[in-house]
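# Topology and contacts: notes
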Amino acid sequence: MMKWGFAGYGRIARKFEEGLNHIGHDIAAIASRSGASEVTEGITAYHNYDDLMNDSEVDIVYVSTTHNTHAQLAIAALEAGKHVLCEKPMATSAEDVKKMIQVAKANNRFLMEAIWSRYLPGYQKAVALAKDGTIGDALQISANFGFKMNPDAPKERLLDPSLAAGAIWDVGIYPISLAQDVFAESPSSMHVDADLSKLNVEDRCAIQLAYSGDRYAQLSCAINLNTINNAIITGTKGHIIMKDFWMCEHFTVINEEGEKIHHHPMASNGLCHEAMACQELIADGQVQSPLISWEHSIQLATIMDKAIKMARE
Ligand SMILES: NC(=O)c1ccc[n+]([C@@H]2O[C@H](COP(=O)([O-])OP(=O)(O)OC[C@H]3O[C@@H](n4cnc5c(N)ncnc54)[C@H](OP(=O)(O)O)[C@@H]3O)[C@@H](O)[C@H]2O)c1
């Protein structure tokens, strides 16, 4: 069984630790400049990231730091011969995502963007049904992911442009990823409207993507507004309604056969599903995931680069 090393020990890393504990995966070491003293007994704690990369006990590094540091830390880990699971967004530009992939290829190491939703049983099933004709041809998607944070929170990574803040990178990536999962090609055009913060990052954003065959996605994201975070996929013969689509456990299919609710509970807090996928893919000698492929990450980053530029100009 491979052993994990964590680069970063913030909010999501602690939840990921819970997920790994649930499936009995080992954590060899955790690096964090501010959180090293809080590391569970028995796990090696490092106060800097270089020591983690040099730890021969670590097989795979989970990068869960602020967005601005993902590319640099993932590349350091890959060059040190580690596999990498990197929190979303993989990097803050498509150019950096491509560099990370080149390094993974050159070192023959596994690299995956941690879009945890994609490995949840409910999300997987809903996307599979959207693509297999259950609702005819999928033509439209609407999906929102918005929450209201405290705008006065000190040093908050969601607000600080130097840490690559903003709604698109933080939560917009989920509805964009869903549209890409279902439509599976690069959008042909994009329209973006944004409510920007004082520091010129998106607090709230509406994104419309158009795809070949008159297929459209209407997406929204926010860090200053609580929205209903459902997704509706509409096809020529019906609909799939995903409740809380980014953590989907329940969805409804409405088609010619009637209305059916599907229940697919996640295990523990859900983060173990992506961890199990990493273990299985690596054991099978794979360097990328078929569900969150390198091409998917490049497309996401390309769309976000453009959307952020359009939002902020
Ligand atoms: N999958 C999910 O559901 C989910 C949910 C939340 C977040 N995320 C993603 O996970 C990542 C971390 O989010 P989080 O909410 O866990 O963040 P967080 O609680 O603020 O933790 C951020 C971590 O980044 C490290 N860091 C490295 N360089 C830093 C710098 N220059 N300034 C500040 N911190 C720095 C900090 O460690 P040091 O002690 O070394 O400073 C800290 O451990 C982000 O990419 C986010 O989008 C994913």
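Since we're looking at a predicted model, the values are computed, not measured. (Residues numbered from 1 in each chain as written. Predicted model: local features only at pLDDT ≥ 70, side-chain atom pairs only at ≥ 80, totals over all residues. Heavy atoms only, no water.)

### Some points on the sheet that holds strand S5 (residues 83-87)
For clarity, the cut-off: Following DSSP output, two strands are said to pair if at least two bridges run between them. Only runs of H or I of at least four residues qualify as helices and only runs of E of at least two qualify as strands under DSSP, and these elements are numbered from the N terminus. Angles here are taken between N-to-C directions and fall from 0 to 180 degrees, while the axes themselves are lines fitted to C-alpha atoms, restricted in helices to the stretch in contact.
With parallel pairing, 6 strands are arranged side by side in an open sheet as S3-S2-S1-S4-S5-S6. If you trace the sheet from one side to the other, it starts and ends with strand S3 (44-46) and strand S6 (111-114), each paired once. Between one strand and the next, the sheet's axes are offset by a mean angle of 20°, whatever the strand orientation. Relative to S5, strand S4 (residues 60-63) runs parallel, the two sharing 4 bridges. Of the residues in S5, the one forming a bridge with Tyr-62 is Leu-85.

### Concerning the pattern of salt bridges
Cut-off, in case you're wondering: The working definition used for a salt bridge is a side-chain nitrogen of Lys or Arg within 4 Å of a carboxyl oxygen of Asp or Glu. Categorising residues by exposure relies on relative accessible area from a 1.4 Å probe, with only protein chains included: less than 20% of the type maximum marks a residue as buried, more than 50% marks it as exposed, and the intermediate range marks it as partly exposed.
In total, this model carries 10 salt bridges according to the counting rule given. Between Glu-57 and Lys-3 there is a salt bridge; the shortest N-O distance is 3.1 Å. On the criterion of sequence distance, the pair formed by Glu-57 in the loop between helix H2 (49-53) and S4 and Lys-3 in strand S1 (residues 3-7) is long-range, its members being 54 residues apart. Of the charged contacts in the structure, one is a salt bridge between Arg-215 and Glu-185, with a shortest N-O distance of 3.2 Å. Pair noted here: Arg-215 is in strand S10 (residues 215-222) and Glu-185 is in the loop between helix H6 (167-183) and strand S8 (189-196), with a separation of 30 residues, a long-range link. For Arg-215, a relative accessible area of 17% corresponds to the buried category. Several salt bridges converge on common partners, so that one network encompasses Lys-88, Arg-157 and Asp-170.

### Considering the domain arrangement of the protein
Short version of the rule: A domain assignment, automatic or from a database, supplies the domain bounds used here. Contacts are assigned to residue pairs with any non-hydrogen atoms lying within 4.5 Å of each other. A 1.4 Å probe defines the accessible area here, and the buried area is the portion of it lost by two parts on being joined, summed over both. Pairs of N or O atoms are called polar contacts if they sit within 3.5 Å, as long as, within protein, a hydrogen donor faces a hydrogen acceptor (for residues adjacent in sequence, only side-chain-to-side-chain pairs). Asp, Glu, Lys and Arg are counted as charged, while Ala, Val, Leu, Ile, Met, Phe, Trp, Tyr, Cys and Pro are counted as nonpolar; the rest, among them Gly, fall into the polar class.
Taken as a whole, the protein is organised into domain 1 (3-115 + 273-278) and domain 2 (121-265). On a C-alpha basis, the centroid separation for the pair domain 1 and domain 2 is 26 Å. Between domain 1 and domain 2, the residue contacts involve 11 residues of the former and 11 residues of the latter. The contact between domain 1 and domain 2 buries some 1,000 Å² in all, and 60% of this surface belongs to carbon and sulfur atoms. The closest approach of N and O atoms between Asp-170 and Lys-88, which form a salt bridge, is 3.8 Å. Linking domain 1 to domain 2 there are 3 residue pairs in polar contact (both at pLDDT 80 or more). Taken together, the residues that form the side of domain 1 that touches domain 2 break down as 3 nonpolar, 5 polar and 3 charged.

### Some points on the packing of helix H4 (residues 94-107) against helix H8 (residues 294-312)
Filter applied, for reference: Roughly parallel refers to an angle under 35 degrees, roughly antiparallel to one over 145, roughly perpendicular to one between 65 and 115, and oblique to any angle outside these ranges. Take the far helix as the reference: if the near one is turned anticlockwise from it by less than a right angle, the crossing is left-handed, and if turned clockwise, right-handed.
One way to put it is that H4 packs onto H8 with a least axis distance of 8 Å and a crossing angle of 160°. The angle between H4 and H8 places the two elements in the roughly antiparallel class. Of the two possible hands of crossing, H4 and H8 adopt the one that is right-handed. Within the contact between the two elements, H4 uses Ala-94, Val-97, Lys-98, Ile-101, Ala-104 and Lys-105 and H8 uses Trp-294, Ser-297, Ile-298, Ala-301, Thr-302 and Asp-305. Its residues placed into classes, the contact of H4 with H8 shows 7 nonpolar, 2 polar and 3 charged.

### Some thoughts on the environment of Ile-207
Structurally, the position occupied by Ile-207 is in strand S9 (residues 202-211). Classification of Ile-207 as buried rests on a relative accessible area of 4%. Along the sequence, Ile-207 and Ile-176 sit 31 residues apart, while their C-alpha atoms lie 8.8 Å from each other. Excluding anything up to four places from it in sequence, Ile-207 contacts Ile-168, Ile-176, Met-190, His-191, Val-192, Ala-217, Gln-218, Leu-219 and Ala-307.

### Structural notes on the pairing of strand S14 (residues 258-263)
For a regular strand, side-chain orientation follows a simple rule: the groups alternate between the two sheet faces. Two elements, strand S13 (residues 250-255) and S14, share 6 bridges in a ladder whose sense is antiparallel. In the strand pairing of S14, Thr-252 is matched with Ile-261.

### Points about helix H5 (residues 121-131)
As a reminder of what qualifies: Our arc is simply the arc of the directions from the helix axis toward the C-beta atoms.
Among all positions of H5, only Gly-122, Tyr-123, Ala-126, Val-127, Leu-129 and Ala-130 are buried. Mapping the buried residues of H5 onto a view down its axis gives an arc of 160°, with all of them on the same face. Positive backbone phi, approximately 95°, marks Gly-133, located one or two places after H5.

### Considering the nonpolar core
The line we're drawing: The definition of a nonpolar core used throughout is a set of buried Ala, Val, Leu, Ile, Met, Phe, Trp, Tyr and Cys residues joined through side-chain atoms within 4.5 Å.
Core analysis: the largest hydrophobic core is formed by 79 residues, its most contacted members being Trp-4, Phe-6, Leu-178, Ile-207, Ile-240, Met-242 and Phe-245. Of all the elements, H6 adds the most residues to this core, at 11 residues. Counting residues domain by domain, this core receives three or more from each of domain 1 (3-115 + 273-278) and domain 2 (121-265). Judged by nonpolar contacts, the second largest core, of 31 residues, contains Ala-28, Ala-77, Ala-91 and Ala-94.

### As for the site of the ligand
Note the following rule: In these notes, residues near a molecule or strand are those with any non-hydrogen atom within 4 Å of it. Per-residue accessibility takes into account occlusion by the displayed protein chains alone, with areas from the Shrake-Rupley method and a 1.4 Å probe.
Lining the immediate surroundings of the ligand are 23 residues, of which Ser-32, Ser-34, Tyr-49, His-67 and Lys-88 lie closest. Contact between the ligand and His-70: an oxygen atom at 3.1 Å from a side-chain N or O atom of the residue. At 3.5 Å from an oxygen atom of the ligand is found a side-chain nitrogen or oxygen belonging to Asp-170. Contact with the protein chains covers 81% of the free accessible surface of the ligand, which is 900 Å². Put simply, the parts of the chain that give the shell around the ligand at least two residues each are helix H1 (11-23) and H6. Split into classes, the residues belonging to the shell around the ligand amount to 6 nonpolar, 11 polar and 6 charged. Each of two domains, domain 1 (3-115 + 273-278) and domain 2 (121-265), supplies a minimum of three residues to the shell around the ligand.

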